[in-house]
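This is what each chain is made of:
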Amino acid sequence: MRLARMIVVVVLAALASVYVVAGAPIAVAVFGVQVLYLLKVRKWWLLAVQAALVYTASVAGGVSTGILGFLAGSLLLTQARVLAPLVVASAALIDAARGGATADATITVVLISLVVFGLTRLVERAGEMHAARLSLAAAAVAAERLRLAAELNDGLGRSLEVIVEGGRRALAEPDGAAEVLASVTATARAALADARAASAGYRATSLAPELVTARAMLDAAGIAVEVRGGHTEPLGPGGALLASVLREAVTDVVRRGTARLCVIETSEQGDRVRLRVIDDGHRTAEGPDFDGLRLEEAGGALTTRLSPDGRFVVEATLPRGPATEAEPFTRPGETSDDDAGAPEFPAGGRRRWPLRKPAHDVSYAVSVTVLAAVLVGFSVKALLQLSGALVIPAAACLGVIVVMQLRSVNGRHMAALAVMAVLTYAPVPVFGPVWLGVAGFLAGPVLLAFPWRAAWPVVAAILASVAGAGTLFGLPAPVLANSTVSALVTGLVVYALLRLAQIVKELQAARESLARSAIVEERLRAARDLHDLLGHSLAAILLTCELARRLKCPPERIEEIVAMAEGARADLRSVSGEQRELSLAAEVESARTVLSAAGIRVTVEPVEPNLPAEVETVLGTVLREAVTNVLRHSEARHCSITMRADESGLRLRVRNDGVSAGKARRGSSGIGNLTTRLAALDGRLTSHVEGDRFTLDASVPYRAPARA
């Protein structure tokens, strides 16, 4: 915002300088008052001071009535804006009494008032938009949380309610407990599938979790990795397929074990997103198997090749898809390991979740309208000085210039700049010295199109051409100086209006992008909590249900199911945005109970007491995911949970046997989730397999307080 204010101050100073050059040093005081208005110092007495200054300069000092435009612009910024037309009318009366060109003077007052009002208001709106960006993002997140809560409570919440009620009914009616427990087991199985599907759906619009997972896998394998993100999110449905391509490619790199460097790049080309995975570990063009992904059915393409420098390249491109839609929530019968399978595009029966856009801001439209009004006003002033025969061709030329100026708001258009340059100089021999003022229209876009180091010499050359042409036309020195200064002021005004219009547009886009990014982050948080918290709880409920059925429905097991379902309700509230802290000691006991119920022998070393709440929550989440992996991906007979403090901090280690050596796991979304959670505390997650043993290590920087 400092740059915007500086631009406006320079333009106001330039406007005041026109009157100083004309012999009215009082314009310096008028400029000072206007700067106070820019800084939002707006008192009634300040308006009175400004009115006294401008009318003294105009009536008593004989200065051009255009200086009254400062007062009219200030009035437009206050509740007394109805007085602005009276100021314009008074300028016309004063100029008529002098016998001057009343129409030209009136237009000048209107233009200056519009410039003062427009620039000041644009700076204010830019500041308001900049200040409101965080509150808008927070509002978007709050709305997304409400939507998530409604959606999840409608599905998973009802399932948990059915589980709780079923468990209580089984306790109250022991004779029918087996039948009730069978229904509860089916509900728990469906709820677990729903939670995993919902987690995959939330993740589908973003590549960020998969990039985190890929980096973690490559780091753990000792492979240097570079991630170059060049895409914007959300991606739409294509994000799920690109995530699957990334998983397969990185898993293949890790499995081969010959690469030293892997580069992951994302970029956008028009309405398509491109993903490239490059590694130096392949000796042939043989790559991973992507046959099951079917990118072609989604309008994409997938290629693998060896580059000329011997690097293996996997490249996938997909349409972005509707940016306002998230991957829908489905209710599949089964999900793949850790939700590795990408949701398919055919939508049969799926519901779409709209990603809400912030309300459209009219500031940009107002800025362009003010710019157009000022450009038209300057053009009319020039046309008033031409004879009847030349008005039509001059109006046509100025019309083209105005259109080209408005195009400059949306970027740097060199062709438009070239057209403006031709229309600035070619008509001069026809229209005479009147056309010299058009050079100001060229100076503004030049300042906008080039860096200032290159732009100012060009602007200086434009002003020199005005002075040179005026000399050839034989203009008197005062008129020549006024024409040159006016060209500079016009250029600065045009530049300021163009640049502020761009700033408003950029702020509006940045504000909406921040809100959309906040929504994506909220979805990813919900996906992590669904997978790590609720997924674990539902898996434990399902395991206990099946165990209770095998043991003929003992009451103590059914009570555990009810208690777990109540805890899962708290997890569901956490997914919906309610902060929940976990107790590491409680999670250790829960892990011991669940693993023991599955017939796995558990050994636990003491947990470090008195940990900070955020450390306990993160490590408790790591332990939940580790236990879930033991149950889902191994035939373990023994599992050890240890926690030790060393120089690097706290380390939680979960180690189990029963890992199948021939069964390779795809990249796990759980690993990516945990890596993200630990990274927030500057922690680290590693995993490795030795024979039939799998080890998961989570470390968090932490120094225990010294013992007394």
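See the structure shown above.
Cut-off values and rules
- Residues numbered from 1 in each chain as written.
- Predicted model: local features only at pLDDT ≥ 70, side-chain atom pairs only at ≥ 80, totals over all residues.
- Heavy atoms only, no water.
- Pairing = 2+ DSSP bridges.
- Helix = DSSP H or I, 4+ residues; strand = E, 2+ residues; numbered from the N terminus.
- Buried < 20%, exposed > 50% of the residue type's maximum accessible area, 1.4 Å probe, protein only.
- Phe/Tyr/Trp six-rings, centres within 6.5 Å; stacked < 30°, edge-to-face > 60°.
- Axes fitted to C-alpha atoms, helices over the stretch in contact; angles between N-to-C directions.

S.K.: Mind showing me how you'd approach the pairing of strand S11 (residues 684-690) here?
M.R.: Strand residues, when the strand is regular, have side chains that alternate between the two faces of the sheet. With seven bridges connecting them, S11 and strand S12 (residues 693-700) associate as antiparallel partners. Within S12, the position partnered with Ser 687 by the bridge is Leu 696. Between S11 and S12, which follow one another and run antiparallel, lie two residues, and Gly 691 among them has a positive phi close to 65°.

S.K.: Any chance you could explain the environment of Ala 680 here in plain terms?
M.R.: By the secondary structure assignment, Ala 680 is in the loop between helix H20 (669-679) and S11. Look at Ala 680 and you get exposed, because its relative accessible area is 65%. With 62 residues separating them along the chain, Ala 680 and Val 618 place their C-alpha atoms 9.5 Å apart.

S.K.: Even after reading the chapter, I still don't get the packing of aromatic side chains, so can you show me in this structure?
M.R.: The geometry of two aromatic rings is summed up by the distance between their centres and the angle between their planes. Following the criterion strictly, the structure yields four aromatic pairs and no others. A ring pair is formed by Phe 378 and Phe 441, whose centres lie 6.2 Å apart and whose planes are at 70°; its orientation type is edge-to-face. Taken together, the residues Phe 378 in helix H10 (residues 363-383) and Phe 441 in helix H14 (residues 439-449) connect sequence positions 63 residues apart. In this pair, the class of Phe 378 matches that of Phe 441, namely buried. Ring geometry for Trp 452 and Trp 456: centres 6.2 Å apart, planes at 90°, overall edge-to-face. Linking Trp 452 with Trp 456, this pair stays in helix H15 (residues 452-472), spanning four residues, or about one helical turn.

S.K.: Would you mind showing me how to read the sheet that holds S11 here?
M.R.: Ordered in space as S8-S9-S10-S12-S11, the five strands form an open sheet in which the pairing is mixed. Of all the strands in the sheet, just strand S8 (601-604) and S11 have a single pairing partner and so form its edges. Averaged over all pairs of adjacent strands, the angle between strand axes in this sheet comes to 15°, irrespective of strand direction. Bridge count between strand S9 (residues 638-646) and strand S10 (residues 649-656): eight bridges; the pairing is antiparallel. Paired with Ile 641 across the bridge in S10 is Val 654.

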